[in-house]
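If you want the building blocks of each chain, they are given just below.
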Amino acid sequence: MPTNFTVVPVEDSAAASPDPEDGVERVQDDEVAVDSGPETCAEGDESPLEDSPFMSNSDHESSCYDGKNMALFEEEMDSNPMVSSLLNKLANYTNLTQGVVEHEEAENDRVAVKSPQMGTFIGVYLPCMQNILGVILFLRLTWIVGTAGIVGSFLIITLILSGGSYYMISRSLGPEFGGAVGLCFYLGTTFAGSMYILGTIEILLMYIVKSAALFGMNDLTDPEEKTKAMLNNMRVYGTCCLAFMALLVFVGVKYVNKLALVFLSCVVLSIMAMYTGVIKTAISTPNDTVCLLGNRSLQNGNFEVCRKTEMRGNETQPTQLWELFCKGSLHNSTCDEYFDLNNVTEIKAIPGLLSGVITENLWGSYGPSGMLVEKKEQPSISVSDKTEERYESPARTYVVNDIATCFTLLVGIYFPSVTGIMAGSNRSGDLRDAQRSIPIGTILAIATTSIIYISCVLLFGASIEGVVLRDKFGESVKSSLVLGTLAWPSKWVIIIGSFFSCCGAGLQSLTGAPRLLQAIARDKLMPFLQVFGHAKANGEPTWALLLTAAICEIGILIASLDSVAPILSMFFLMCYLFVNLACAVQTLLLKLLLILLLSEMCCRPSLLFSCSMIYIEYSGAEKEWGDGIHGLSLNAARYALIKLEEAPPHTKNWRPQVLVLLKLDSDLVVKHPRLLSFTTQLKAGKGLTIVMCGDGTFLKREFESGYLDACAQNVKAAMSAEKSKGFCHVVVSSNLRDGFSHLIQTAGLGGMKHNTVLIAWPANWKQKENPITWENFTETVRETTAAHQALLVAKNIDLFPSNHERLGEGTIDVWWIVHDGGLLMLLPFLLRQHKVWRKCKMRIFTVAQMDDNSIQMKKDLQMFLYHLRLDAEVEVVEMHESDISAFTYEKTLVMEQRSQMIKQMQLSKTEREREAQLIHDRHTRSHPAAHKDKVSPSPDGVHMTWTKEKLVSERSRNREASMAVRDLFNMKPNQSNVRRMHTAVKLNEAVVKKSKDAQLVLLNMPGPPKHTGGYENYMEFLEVLMEGLDRVLLVRGGGREVITIYS
């Protein structure tokens, strides 16, 4: 499951029309805007180089609300529409990464695309199998087993197996790394095409149509001249084959896909013939033999009989083999010394599975170029051969190494066999469901081919003679393909299968490489490559194909498969290094991995140094020496902040960077430390956390010496106890409301700013007649909304689990009512990454109205979660129109009566204080001398003097108060408040019924009143909405998140 996803803000648009300001094209209904960004996003939320598809809510009627079930959310329906009206759009947008049709169009013009239809088997499994089961398996694996031995071959395969790629690299590591490594991956894929074509021509000229060789190769006897002629043949035939394959790819990828199944069928038949032949060797061995002179293997293409002499009639006559080593007649000849001293022996090329030859093939036999291929167990009389005769004189008919061999060389030659694992991801744009097909198809292909390669190493070593395994071109078995001698019923099954396998793999490389180049060009990272981003009307990258063919021709001109293989290995190794690095960045293990990697590349003392440094850093060393590392860290931090400031963060990088607002009691102890615990569980020590504290009492008093330091130390101690990593600061302000307002707007530095505010629900707000409590809370909601920041409000925060608890069972229930950015989806996923919540299951509830199709809504929501790769249960709760109950009416009436009563009490108290202050001021002015040296009494200590006018005024006020009380009991509730209370009551009933036993309930938080009045009513609505639930998290999105399935 991915660690990052975001949600697209939705806005209304009447029709699809281009926006001249940002180049955005609006799309109606369920269409996908291939190159677009939401108009409501803040500047910088969308990058011009990475546009994300978004859903345009063009149906105005679906976003308008005229019922009473969801009246609590109706004021924000324009910006935060109901989920029920959006699910179909959210679930049915096309996932296009890279392929025939790129999801990122470089131009503003919208391109009509067809939905890709290839599934897992055709689109991923077959291409991967074709690329992996190719030239190396049929042409080089036997030679690798013979040279490295069974143990060394197992080591090579294990080493390599443990080790849409361009898109993942570029989006994980950024354009600098991604563009450069993507280019390496493109070149590796291109040279892979060269290697497969060279393998095709090698099979054609050496094993199928030997007479087709040009330049008189078959008539040459000098090995050097013969090698040069062979290379020239590879160049000529390879160029022709490349031109034909490029033409086939240019015509259309659908023809390549149709041929893929045919080619793979031939490969499967070849592998079956190979396994059948191995099994048959346990019963009867093939007739193929190898001729040994002493312990040296001989090329038997120039002689028929493996003897020095033979009887012809009654006479002993020399054989063709004798003539190769001797000059003159049989009785008067000069022969090679080694030929004279050693006998000629004929042995089975395929001794069989039960022959015990596996013990001879366990270990490797490396050597320089020209080294003789020898059977060490065979008796032999050595002679004093000079080095140049033994290794550099191939005029003899011995089988020799054509290149110097070592373990690293064999790794480089074998490595291209596994580069086909990305053949499926390179064509993800052609897939019907890329996120499902790529992992399933790739893993199945890797598992299948791994079993084949490992079993082949074991079976080859157990059934084929060692000197035959080390014979790369089969010169000791009549210049036949070594695997062909093992196959049953005929060697031609293997030869034809390997030929078509190489052809298919070459076509796959020529199909994938141009699309990689097209993706790089469309990102506009390298201006000189932009021309290669253009495509034909059907999406085929014509110019990219031409460049790919030209680069592929360079590999063909090298003409040696063994020379081309290490080149593409280097490109792929660089690419895979950064694939692993990209995964490390996603898990924030980059530092440790890089240190260990450098250690392995250097020496053992470096490994000890690296481990020591890691231990000292994480053990919490507190020494401060004023060293240069801290200065370097400061410069690095400054550089990083400036880089972050250059461009706003991309929406895919959005994570909750939390500003936690704490309060301290009279003893300067944090009131709700579980806020810090919850932050730790949400952030897991990653990202930005800012902790601010303040209280309306101590912010007004005179600051004692060390007072603020004590506050900060207490907060830091609480953060340390709750394992919350972040920054702590105590802010001085005239009142709590202004302090929180300033913090929300200004906390952070440069690009390191918070985007989410976390506060606790004021549980005792009803117990205070002073409205300052709920006014502060409501103003905080308004200010976070105005600042486009998300808000998290935790009810009963002290009941939330600590970091030491483990919730064994239970659920995290998400009630998704309105679409305000999708933070509701992200939070439970992040929480479940922490060990406290890891075992909790995720459930998502949404509400269906009377006109909604609840069955279709459930399907759409499941599809939407599938796109996001979220594992959650889905349930649609039907809330049909119902009459407002007497309970709801009465509850609204009591709420408004209480609100009115509090206002009158507050007004009466204010008037009394004002009048007392006025009398005090008059008394002070009339007796200035008496008060000159005295401390002025407080207004509360002034005694009022009653006059006739004052008595009449007081009686009038009392009559008005009594009339107001009578009006209070005769008043009727506001209908808008009744509808809002109805929403809160009905929704609370549904939530309590479904989620009362949930470990945590996440709810959409309704917006605050647009006007300053009605704060206490808003608090009452929220209180009713959460009534009867233990742990509740009200979530209000900031509107800047976007939905994207691209990781």
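Computed from a prediction, not measured in an experiment: that's the story for all the values here. (Residues numbered from 1 in each chain as written. Predicted model: local features only at pLDDT ≥ 70, side-chain atom pairs only at ≥ 80, totals over all residues. Heavy atoms only, no water.)

**Comments concerning the sheet that holds strand β13 (residues 790-795)**
Working step 1: One open sheet accounts for 10 strands, arranged β11-β10-β9-β12-β13-β18-β17-β14-β15-β16; its pairing is mixed. Where the open sheet ends on each side, the last strands, each with one partner, are β11 (727-730) and β16 (873-878). Recorded for the sheet is a direction-independent mean angle of 20° between the axes of neighbouring strands.
Working step 2: Sheet strands touched by helix α21 (residues 674-683): β9 (658-662), β10 (689-693), β12 (756-760), β13, β17 (1000-1004) and β18 (1032-1036). Its angle to β9, the strand with the most contacts, is close to 170°. (Pairing = 2+ DSSP bridges. Helix = DSSP H or I, 4+ residues; strand = E, 2+ residues; numbered from the N terminus. Axes fitted to C-alpha atoms, helices over the stretch in contact; angles between N-to-C directions. Contact = heavy atoms within 4.5 Å.)

**Some remarks on helix α16 (residues 542-558)**
Working step 1: Given a rise of 1.5 Å per residue, 17 residues ought to cover 24 Å, and the 25 Å separating the end C-alpha atoms of α16 matches this to within 8%.
Working step 2: Within α16, burial applies to T542, A544, L545, T548, A549, I551, C552, E553, G555 and I556.
Working step 3: Backbone geometry just downstream of α16 places A559 in the positive-phi region, at approximately 75°. (Expected span 1.5 Å × (residues − 1). Buried < 20%, exposed > 50% of the residue type's maximum accessible area, 1.4 Å probe, protein only.)

**Focus on the packing of helix α6 (residues 223-251) against α16**
Working step 1: Two elements in contact, α6 and α16, have axes separated by 10 Å at closest approach and are oriented at 165°. With respect to α16, the element α6 is oriented roughly antiparallel. Note that α6 runs across α16; the crossing there is right-handed. For the pair formed by α6 and α16, the contact residues are M234, R235, G238, T239, L242, A246, V249 and F250 on the first element and T542, L545, A549, C552, E553, I556, L557 and I558 on the second. (Parallel < 35°, antiparallel > 145°, perpendicular 65-115°, else oblique. Left-handed = near helix turned anticlockwise from the far one by under 90°.)

**Things to note about the sheet that holds strand β3 (residues 296-297)**
Working step 1: Strand order in this open sheet of three strands is β3-β2-β8, and the pairing throughout is antiparallel. The open sheet terminates on both sides in strands that have one partner only, identified here as β3 and β8 (344-348).

**Focus on a positive patch on the surface**
Working step 1: Residues K723, R806, K835 and R838 make up a contiguous surface patch of positive charge.
Working step 2: Residue position: R838 is located in the loop between α25 (823-831) and β15 (841-848). (Patch = residues over 30% accessible without salt bridge, like charges linked within 9 Å, V, L, I, M, F, W, Y side chains within 5 Å. Areas by Shrake-Rupley, 256 points an atom, 1.4 Å probe, with all protein chains shown as cover. Salt bridge = Lys/Arg side-chain N within 4 Å of Asp/Glu carboxyl O. Lys, Arg positive; Asp, Glu negative; His and termini not counted. Charge placed at Lys NZ, Arg CZ, Asp CG, Glu CD.)

**So, the pairing of strand β14 (residues 811-816)**
Working step 1: Within β14, six of the six residues are buried, which leaves the element mostly enclosed by the surrounding structure.
Working step 2: Alternating residues of β14 divide into T811, D813 and W815 and I812, V814 and W816, and every residue in both groups is buried.
Working step 3: Note: β14 against β15, six bridges, orientation parallel. The residue bridging T811 from the neighbouring strand is K841, located in β15.
Working step 4: At this point the chain moves from β14, through α25, to the parallel β15, and the crossover so formed is right-handed.
Working step 5: Here β14 pairs with β17 via four bridges, running parallel. Paired with I812 across the bridge in β17 is L1000. (Right-handed = clockwise from strand over helix to strand, strands pointing away.)

**Considerations on the pattern of salt bridges**
Side-chain pairs of opposite charge can arise where the charged atoms are in close proximity.
Working step 1: Tallying each qualifying case throughout the model produces 13 salt bridges.
Working step 2: For the salt bridge of K472 with D402, the shortest nitrogen-to-oxygen distance reads 3.0 Å. Linking K472 in the loop between α13 (466-469) and α14 (482-486) with D402 in the loop between α10 (387-391) and α11 (407-414), this pair joins segments that are 70 residues apart in sequence.
Working step 3: Exposure remark for K472: the relative accessible area of 6% places this residue in the buried category.
Working step 4: Residue classification places D402 among the partly exposed positions, given a relative accessible area of 37%.

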